[in-house]
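Chain and residue survey
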Amino acid sequence: MTVDGIEDVESFRRRARNWISTNLEPRSNRPQARLGIVQNEDDDLAAIARERDIQRQLFEAGLAGVCVSPEYGGQGLTRAHQQALNEELCGYEYPSRIQVPTFSPCASVLLEFGTDAQKRAHLPAILRGEELWMQLLSEPSGGSDVAAALTTAVRDGDEWVLNGSKIWTTGAWWSDWGLCLARTNWDVPKHRGLTVFILPLHQPGIEIHRIEMLNGDKEFCQEFLTDVRVPDSDRIGEVDEGWTVGVRWMFHERMLYNSPLVTRPPDSGQGGGVMRPVAQVARDSGLSEDRLVRDLVGEARMLEIVESRLLERISAGIRSGTMSDQSSAIGRLFHGVAAARTRTISCEVAGSAGAAWTNDDGEAAGAGIEFVMRQASCIGGGTTEMARNVISERVLGMPRERTPDRDTPFRDVPRSASAGSRRDN
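Here the structure is a predicted model, which is why all the values come from computation and not from measurement. (Residues numbered from 1 in each chain as written. Predicted model: local features only at pLDDT ≥ 70, side-chain atom pairs only at ≥ 80, totals over all residues. Heavy atoms only, no water.)

Side note on the overall build of the chain
A count of helices and strands for the chain gives 12 helices and 10 strands. For the chain, whose C-alpha radius of gyration is 22 Å, the value lies close to the compact-globule estimate of 22 Å for 425 residues. Judged by the C-alpha coordinates and their principal axes, the chain covers about 65 × 50 × 45 Å. Sorting the 425 residues of the chain into buried and exposed places 52% on the buried side. Nonlocal contacts in the chain, meaning residues at least 24 apart in sequence, comprise 75% of its contacts between residues at least 6 apart. Split by element, the accessible area of the chain, about 18900 Å² in all, is 52% carbon and sulfur. Within the chain, one finds 48 positive and 61 negative side-chain charges whose respective centroids are separated by 4 Å. (Helix = DSSP H or I, 4+ residues; strand = E, 2+ residues; numbered from the N terminus. Rg over C-alpha atoms; globule rule 2.2 N^0.38 Å. Buried < 20%, exposed > 50% of the residue type's maximum accessible area, 1.4 Å probe, protein only. Contact = heavy atoms within 4.5 Å. Areas by Shrake-Rupley, 256 points an atom, 1.4 Å probe, with all protein chains shown as cover. Lys, Arg positive; Asp, Glu negative; His and termini not counted. Charge placed at Lys NZ, Arg CZ, Asp CG, Glu CD.)

Here is the structure:
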């Protein structure tokens, strides 16, 4: 059934439900799948290949790019349609690693600032799972201050020559394209001399090194760019106006899984696996009748409900114009803090299985690894410290943090060559 030529939400939901139950497998509930850990590189590449295939199938079924315009390969439907698809995917496999940052923020930035030719070249390929994108933002010396980028782009005729290094790039080794912030003018203050480019990640001049994390995961990467040539037609936005793009880039990043471009069932956890249900952890650890454990289970459930309602409220406020788009930082902050707390609770509720476990420990198995990695939710996608700054200065209107280099030409700003704090992309 259609309304004004647009498929109504319930009809879309039924179509999605029938297709999903026929074509997709139940999502793996293995601890490793929950934690985003794979055994080896071959397993990782196989998982990515499967997700590309699922994305292609979704595209062919008319279930990809729900909120993207049909001229760029999407369905031209509404956020309500996307929400219906997300809900129907509960319990099923879906292309989790393709969603962030390929769809948000990369596709979002392309849609907002890309030329028509750039959108036609890349958005349909993204929707078909043929192009996976990563964001090249953080640098070894810049930490969370992405405006302090040292990676340089120098004009050479109709091309730009890029040199420098980016770091904490999620999944760059298995991705295809990158969205890169580079410095194009050193004689103006740091926010005014930046430009954004798009470039293939696997080409001469780009070395990608994988970084091993505490849990054994090697998803994060560092990239070294040496004389990488980028045609001017692959520039996003105006020369030296990259911060204009960057501000919206970081807005889309903070929207994260709340973006209307992202497909993500509500029962997903970080890394796209199944969220560890704290009540089941308590049951499998044999502590579900413990009064203190029951309090912790209630706290975890409260955090889950509050985050869901908070994100709905912020999204509605931004769409209606009653809230600043900078309010997305509120959701970013709450998500980071709540996820870290929930992983701590899960480990406590797991009892002795939080430290050592076997396959017989059910949901309690692996809770200790999630506890070790709990702070990742406060770092990846921009730190919660940066979110607090945005909230205080741009949402609450408090005095801005002192920035002595704001009006200083960037080449005159004192800086250290040592690596600073990190910011996952």
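Still to come is the rest of the account.
Quick word on the packing of aromatic side chains
In the structure shown here, the tally under the stated rule is four aromatic pairs. With centroids separated by 5.6 Å and ring planes inclined at 15°, the aromatic side chains of W133 and W177 adopt a geometry described as stacked. Taken together, the residues W133 in strand β3 (residues 133–136) and W177 in strand β6 (residues 177–183) connect sequence positions 44 residues apart. The residues W133 and W177 share a single accessibility class, namely buried. Taking the centre distance of 5.4 Å and the plane angle of 55° together, the rings of W186 and F410 count as tilted. Here F410 lies in the segment after α12 (384–395) and W186 lies in the loop between β6 and β7 (194–200), a separation of 224 residues in the sequence. (Phe/Tyr/Trp six-rings, centres within 6.5 Å; stacked < 30°, edge-to-face > 60°.)

A few points about the pattern of salt bridges
Applying the stated rule across the entire model yields 31 salt bridges. Ionic pairing is found between R15 and E7, a salt bridge with its closest N-O pair at 2.9 Å. Taking the relative accessible area as the measure of exposure, R15 reaches 30% and is therefore partly exposed. Look at E7 and you get buried, because its relative accessible area is 16%. Shared partners join several salt bridges into a network, and the residues in it are E10, R13, R17, E87 and E88. (Salt bridge = Lys/Arg side-chain N within 4 Å of Asp/Glu carboxyl O.)

Structural notes on the confidence of the model for the chain
Considering every residue of the chain, the mean pLDDT works out to 88; 92% of them sit at 70 or more. Every residue in residues 270–274 scores below 50 in pLDDT, and together they form 20 contacts with partners more than four places removed in sequence or on other chains. Contacts for the low-pLDDT stretch residues 419–424, under 50 throughout, to residues beyond four places or in other chains number 32 contacts. (pLDDT = per-residue confidence, 0-100.)

Things to note about the packing of helix α9 (residues 291–320) against helix α10 (residues 328–349)
Here α9 crosses α10 at 165°, and the two axes come no closer than 10 Å. Classified by the angle their axes make, α9 and α10 are roughly antiparallel. α9 and α10 meet at a crossing whose hand is left-handed. For the pair formed by α9 and α10, the contact residues are V293, L296, E299, A300, L303, V306, E307, L310, L311, I314 and I318 on the first element and S328, I330, G331, F334, H335, A338, R341, T342, I345, E348 and V349 on the second. Among the residues making up the contact of α9 with α10, the classes are represented as 14 nonpolar, four polar and four charged. (Axes fitted to C-alpha atoms, helices over the stretch in contact; angles between N-to-C directions. Parallel < 35°, antiparallel > 145°, perpendicular 65-115°, else oblique. Left-handed = near helix turned anticlockwise from the far one by under 90°. Nonpolar A, V, L, I, M, F, W, Y, C, P; charged D, E, K, R; others polar.)

Here's the deal with a nonpolar patch on the surface
On the surface, V395, L396 and M398 cluster together into a nonpolar patch covering about 270 Å² of accessible area. With respect to the helices, strands and loops of the structure, L396 is situated in the segment after α12. (Patch = residues over 30% accessible without salt bridge, like charges linked within 9 Å, V, L, I, M, F, W, Y side chains within 5 Å.)

Some thoughts on helix α6 (residues 116–127)
Because an α-helix packs 3.6 residues into every turn, residues spaced three or four apart end up facing the same way. Compared with the 16 Å implied by 1.5 Å per residue over 12 residues, the 16 Å span of α6 between its first and last C-alpha is a close match. Of all the positions in α6, only Q118, K119, H122, L123, P124, A125, I126 and L127 are classed as buried. Turning to α6, the residues buried within the fold contact α3 (41–60), α5 (96–113), β3, β6, β7 and β10 (235–236). Downstream of α6 by a residue or two, G129 has a phi angle that is positive, lying close to 80°. (Expected span 1.5 Å × (residues − 1).)

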